[in-house]
Amino acid sequence: MPPVYNAAVAGTTSPVIVAGHLTKQFGSAVVVDDVSFSVPAGQIVGFLGPNGAGKTTTIGMLLGLLRPTRGRVEILGLPMPEARQAILARVNFTSPYVSLPGNLTVAENLAVFSRLYGVRRRRAALEALLERVGLSGVWRRRAGQLSSGEGTRLGLVKALLNDPEVLFLDEPTASLDPDGADRVREVLRAIRSERGMTIFYTSHNMQEVERLSDRILFLHHGRILADGPPGDVLRQFDQETLEQMFLELARQEAAP
Amino acid sequence: MSLGRVSALLLRQVYLYRRSMIRSLELVYWPLLDLLMWGFLSVYVARLRGGGAVAIAYLLGALILWDIFFRVQQAISVSFLEDVWTRNLVNIFVSPVSTSEFLAATMLLGVMKVTVIAVMMSALALVLYAFNIFAHAVSLVPFAIDLILAAWGIGIITTAMILRYGQSAEVLAWAVAFLFQPFSAVFYPVSILPRALQYVAWLLPTTYAFEGMRAVLSGGGLRWGYVAGGLGLDVVLFAIAAGVFARVMWIARDQGLLMRTEG
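Here is what the cut-offs are and how they apply
Residues numbered from 1 in each chain as written. Chains lettered and ligands numbered in written order. Predicted model: local features only at pLDDT ≥ 70, side-chain atom pairs only at ≥ 80, totals over all residues. Heavy atoms only, no water. Salt bridge = Lys/Arg side-chain N within 4 Å of Asp/Glu carboxyl O. Helix = DSSP H or I, 4+ residues; strand = E, 2+ residues; numbered from the N terminus. Buried < 20%, exposed > 50% of the residue type's maximum accessible area, 1.4 Å probe, protein only. Core = buried A, V, L, I, M, F, W, Y, C linked by side-chain atoms within 4.5 Å. Contact = heavy atoms within 4.5 Å. Expected span 1.5 Å × (residues − 1). Phe/Tyr/Trp six-rings, centres within 6.5 Å; stacked < 30°, edge-to-face > 60°. Pairing = 2+ DSSP bridges. Axes fitted to C-alpha atoms, helices over the stretch in contact; angles between N-to-C directions.

Caption draft 1: Expanded view of the pattern of salt bridges. All chains considered together, the criterion is met by 21 salt bridges over all chains. One salt bridge in this structure joins Asp33 of chain A and Arg223 of chain A, with 3.1 Å as the shortest N-O distance. Separated by 190 residues along the polypeptide, Asp33 of chain A in strand 2 (residues 29-40) and Arg223 of chain A in strand 10 (residues 223-228) bring together distant segments of the chain. A salt bridge links Glu208 of chain A to Arg185 of chain A, with the shortest nitrogen-to-oxygen separation between them at 2.7 Å. On the criterion of sequence distance, the pair formed by Glu208 of chain A in helix 7 (residues 206-212) and Arg185 of chain A in helix 6 (residues 178-195) is long-range, its members being 23 residues apart. For the residue pair Glu208 of chain A and Arg185 of chain A, the accessibility class agrees, reading buried in each case. Here the residues in one salt-bridge network are Lys24 and Arg67 of chain A together with Asp254 of chain B, joined through shared partners.

In structure tokens, the structure reads:
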């Protein structure tokens, strides 16, 4: 029987993601401003904020795609970017804004990325993974022939190939219909429960974040505005839902 | 350097060619057209001069070696562009692939492609024009290596420029090699060039390959001076290419160019 993750003890484990005084400046624009947080193993963290808040830039720095202007990143106790390859072998990422080569079949794409991550998975295991995200019968189809929702789910399968200890997701349910989105959320909950996988994801779907996350980090103008379990954050801002909180902040922003 | 990861990147290209009839045909199409046009032209030139078989040899030999240089350089830049076009670049750079593994795969792909092309062109030249380049193969191999190394260097610099300036710079993948053509004395000897341009020509590793090839085909044997000159300049070019690519990667990680999903 697979180990069952106990969220109650998550805070007691050593952090798998550490951002220390993370700052990113493009010219005179400070996009991420002295952001610090740590994430213990097994936690699901919803990383929220309006467009331009600095979410993608922060994830880019966590993944070593972007060099911080100041501050440090540690993933799984290893420094980024010094231990970049060792870290990236143990984490994964997907986003609906990137895609797998469309002229290769699903099977070929999974074969290539399995090799890139140095994992050997049998066809049956890969097809089971595809089925788990609702992608049965696509094995021989070209990735480019999949719908955008199917492409998003194929990206998630790619991201699960190496059984990552930390999974970074950028809007994992964007472009999915309600059924597809619900299936993906179920998969994320299940793999966290089975493997204690840490999931760090961005979303604009506030209901989803409330339902899925153990903790939310709310980024605004490159700074962390709120950090804690969804209920605590709502109480802090005296709001009933994250959506209300989000709209309130946006309206404050728009007010003269 | 992980051979597994390099082979994974190569496997992707093999799948790509297997899946795309147009891409596979392209391997044959341009070299075949080049060979037909330049082959018949060289036959005509040879007749004008009173039957000089050496004219055919010079032109066809130059054409085959030029294709080695051009196709290897192009393979490196185009395989990078494939990842840009398919929005796959982020997937590659969040995997454990190192920059050197990524480049090694594109360099090996170039060699694989050009092996197919060079053998095919050489065989056709033998059938169509009775030009047997295989008879000189041993003496020409050092010059082919010179050209492959030069193409790797230029291909890496071109790729760096595409990474730096985005898809708007993709024309470089096809155009850069031709910048070298007039000064590398591909189809004529260096002595034809004006004096000032001769100095430029001898600064290019490619020039040594084509001059060396003409020496071989005219029966002068393998001139090791040309081999040494070409390989020496390849080392310099390769060092420059490595420096340029490292600098562009630094800029890319500073400015978020690797996260760019569109040109």
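Next comes the rest of the description.
Caption draft 2: Summary view of the nonpolar core. If you look at the biggest cluster of nonpolar residues, it comprises 171 residues, and the most contacted ones within it are Ile17, Leu62, Leu167, Phe168 and Phe200 of chain A. If you tally residues by element for this core, the top one is helix 3 (residues 53-85) of chain B, at 18 residues. The residues contacting Ile17 of chain A, other than those within four sequence positions of it, are Phe37, Ser38, Val39, Leu62, Glu74, Ile75, Val166, Phe168, Thr198 and Phe200 of chain A.

Caption draft 3: Region of the structure containing helix 3 of chain B. For helix 3 of chain B, spanning 33 residues, the distance from its first C-alpha to its last is 46 Å, which sits close to the expected 48 Å at 1.5 Å a residue. Extensive coverage of helix 3 of chain B is indicated by the burial of 29 of its 33 residues.

Caption draft 4: Expanded view of the packing of aromatic side chains. Residue and element names in this part refer to chain A. Following the criterion strictly, the structure yields 17 aromatic pairs over all chains and no others. A ring pair is formed by Phe168 and Phe200, whose centres lie 5.8 Å apart and whose planes are at 65°; its orientation type is edge-to-face. Of this pair, Phe168 sits in strand 7 (residues 166-170) while Phe200 sits in strand 8 (residues 198-202), and the two are 32 residues apart along the sequence. Take Phe168 and Phe200: they sit in the same class, and that class is buried.

Caption draft 5: A look at the sheet that holds strand 2 of chain A. Residues and elements named next belong to chain A. With antiparallel pairing, the four strands of this open sheet are ordered in space as 2-1-4-5. Since the sheet does not close on itself, it has two edges, and those belong to strand 2 and strand 5 (78-80), each with one partner. The sheet shows a mean angle of 25° between the axes of neighbouring strands, taken without regard to direction. Of the pairings in the sheet, the one linking strand 1 (residues 15-26) to strand 4 (residues 70-75) comprises five bridges and is antiparallel in character. Each bridged residue has a counterpart across the sheet, and for Thr23 the counterpart in strand 4 is Arg70. Of the strands in this sheet, strand 1, strand 2, strand 4 and strand 5 are in contact with helix 1 (residues 55-62), which crosses strand 1 at around 120°.

No statement about biological role is implied by the geometric values presented.
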